[in-house]
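Residue strings, one per chain:
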Amino acid sequence: MLETAITVRENVDLAVIDIAAKGRWTWQLRVDFMAAVRKSLAQQPRALMLDLAGLVDAEHELVASVLLAEQQSAVHQPPVPLLVVARETQALRLHHSGVTQRIPVHADRVAALRHLVDNTPPFGQARLLLQPSLLAAAKARGVVEDACRTWGLPQVLFPARLIVSELAANAVEHAGSPFTVTLTRRGAALLHIAVEDDLPRLPKLRLWPKHADPMPALRGNGLRIVSAAATAWGSHLTAHGKVVWATLRAGPERIRTARTAPGTAGG
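## Thoughts on the pairing of strand S3 (residues 47-56)
Most of S3 is tucked away: 7 of the 10 residues are buried. As judged from the 8 bridges shared by strand S2 (residues 16-24) and S3, these two strands associate in the parallel manner. Bridge pairing in S3 links Asp18 to Met49. Between S2 and its parallel partner S3, the chain crosses via helix H1 (residues 27-41), and the hand of that crossover is right-handed. In terms of handedness, the path from S3 via helix H2 (residues 59-75) over to strand S4 (residues 82-85) forms a crossover that is right-handed.

Structure (structure tokens):
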């Protein structure tokens with residue numbers, strides 16, 4: 001039986017998310033593929049790569065799915081560029097539909113990433129490896145402050161410090177091992193914050209109980225704070241653990257569209 005799967009990978013160095021579809025193009029695979037596209041676009045990566053080369057007998061369905069991904073990408077400001085990896089027959093179908101006039105199609109991932117590097121402006125990125133100590137959150141706040149001032153994003157400095165502090169504290173408490181904080185400036189006014197640790201368990205936002213104590217709890221509020229402060233946030237598993245991310249947009253047009261991923265760990 002032909003295996004079908006959707007795989008999502010993030011290239012942290014280039015701030016690119018790669019969605020690979022494999023197997024026969026069934027209705028369920030299409031639903032899973034578009035769900036992965038929507039979740040990945042919420043991070044507003046530098047680019048979103050759609051690897052369709054592993055699909056079988058899907059040429060007649062590809063155009064509609066790529067056009068839908070393009071439509072969803074355009075909703076974000078700035079729009080997220082798309083890259084497509086496709087076999088020759090798939091690329092020919094996309095070319096005849098006119099898709100290739102707007103979206104570059106490549107034979108493999110290496111060529112797609114080379115095109116991205118050669119044809120998009122540089123982006124800012126800062127990364128810090130931290131030990132699970134009491135000083136980790138303070139060091140994370142320090143790198144956020146330096147990055148926001150260097151990149152001219154003073155409007156997001158306060159919420160960014162708050163978010164990275166909570167994410168770092170969660171990594172220290174729940175993973176208890178070295179973790180990485182990565183900050184990326186995406187566009188002129190968007191800051192992406194990512195904290196990666198080696199605990200392969202996604203966090204879950206705890207809802208306030210109906211009859212909450214009038215005195216707020218001192219613990220368990222980390223993700224509530226992140227959700228309230230971020231423009232969007234979420235999490236995903238990696239080959240070695242997980243990443244919890246948040247975005248912040250500078251300016252009065254900040255719209256909170258927080259998204260969470262299912263999991264069992266609390267914030």
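What follows continues from the structure just given.
## So, the layout of surface pockets
Space inside the second largest pocket adds up to approximately 280 Å³. Residue lining of the second largest pocket: 15 residues in total, with Arg46, Pro78, Phe123, Arg186 and Gly187 positioned closest to the centre. Looking at the lining of the second largest pocket residue by residue, the classes come out as 9 nonpolar, 3 polar and 3 charged.

## Brief notes about the packing of helix H6 (residues 157-175) against helix H7 (residues 222-229)
Between H6 and H7, the least distance of the axes is 9 Å, while the angle of their chain directions is 155°. Considered as vectors, H6 and H7 are oriented roughly antiparallel to each other. Crossing angle aside, the handedness with which H6 passes H7 is left-handed. Residue-level inspection shows Pro159, Leu162, Ile163, Glu166, Leu167 and Asn170 of H6 in contact with H7, the latter providing Gly222, Leu223, Ile225, Val226 and Ala229. Of the residues that constitute the contact of H6 with H7, the class distribution is 8 nonpolar, 2 polar and 1 charged.

## Remarks on the nonpolar core
Formed by 34 residues in total, the largest nonpolar core has its most connected members in Cys148, Ile163, Phe179, Val181, Leu183, Leu191 and Ile193. Every element with two or more residues in this core is listed here: strand S6 (124-130), helix H5 (136-150), H6, strand S7 (179-185), strand S8 (190-197), H7 and strand S11 (241-249). Excluding residues that lie within four positions of it along the chain, Ile163 makes contacts with Ile193, Val226, Ala229, Ala230, Ala246 and Leu248. Core analysis: the second largest hydrophobic core is formed by 26 residues, Val37, Leu41, Leu52 and Ala58 among them.

## Looking at the pattern of salt bridges
Summed over the entire model, instances satisfying the criterion amount to 9 salt bridges. Between Asp13 and Arg127 there is a salt bridge, and its shortest N-O distance comes to 2.8 Å. Of the two residues, Asp13 is situated in the loop between strand S1 (5-11) and S2 and Arg127 in strand S6; the sequence distance between them amounts to 114 residues. We classify Asp13 as partly exposed; its relative accessible area is 48%. Arg127 sits in the partly exposed class, given a relative accessible area of 41%. Here Glu145 makes a salt bridge to Arg161, at a shortest N to O gap of 3.1 Å.

Parameters and conventions
Residues numbered from 1 in each chain as written. Predicted model: local features only at pLDDT ≥ 70, side-chain atom pairs only at ≥ 80, totals over all residues. Heavy atoms only, no water. Buried < 20%, exposed > 50% of the residue type's maximum accessible area, 1.4 Å probe, protein only. Helix = DSSP H or I, 4+ residues; strand = E, 2+ residues; numbered from the N terminus. Pairing = 2+ DSSP bridges. Right-handed = clockwise from strand over helix to strand, strands pointing away. 1 Å grid on protein atoms, 1.4 Å probe; cavity = no way out; pocket = protein on both sides within 12 Å on 5 of 7 lines; lining within 4 Å. Points joined across faces, edges and corners; volume = space filled by probe spheres on them. Nonpolar A, V, L, I, M, F, W, Y, C, P; charged D, E, K, R; others polar. Axes fitted to C-alpha atoms, helices over the stretch in contact; angles between N-to-C directions. Parallel < 35°, antiparallel > 145°, perpendicular 65-115°, else oblique. Left-handed = near helix turned anticlockwise from the far one by under 90°. Contact = heavy atoms within 4.5 Å. Core = buried A, V, L, I, M, F, W, Y, C linked by side-chain atoms within 4.5 Å. Salt bridge = Lys/Arg side-chain N within 4 Å of Asp/Glu carboxyl O.

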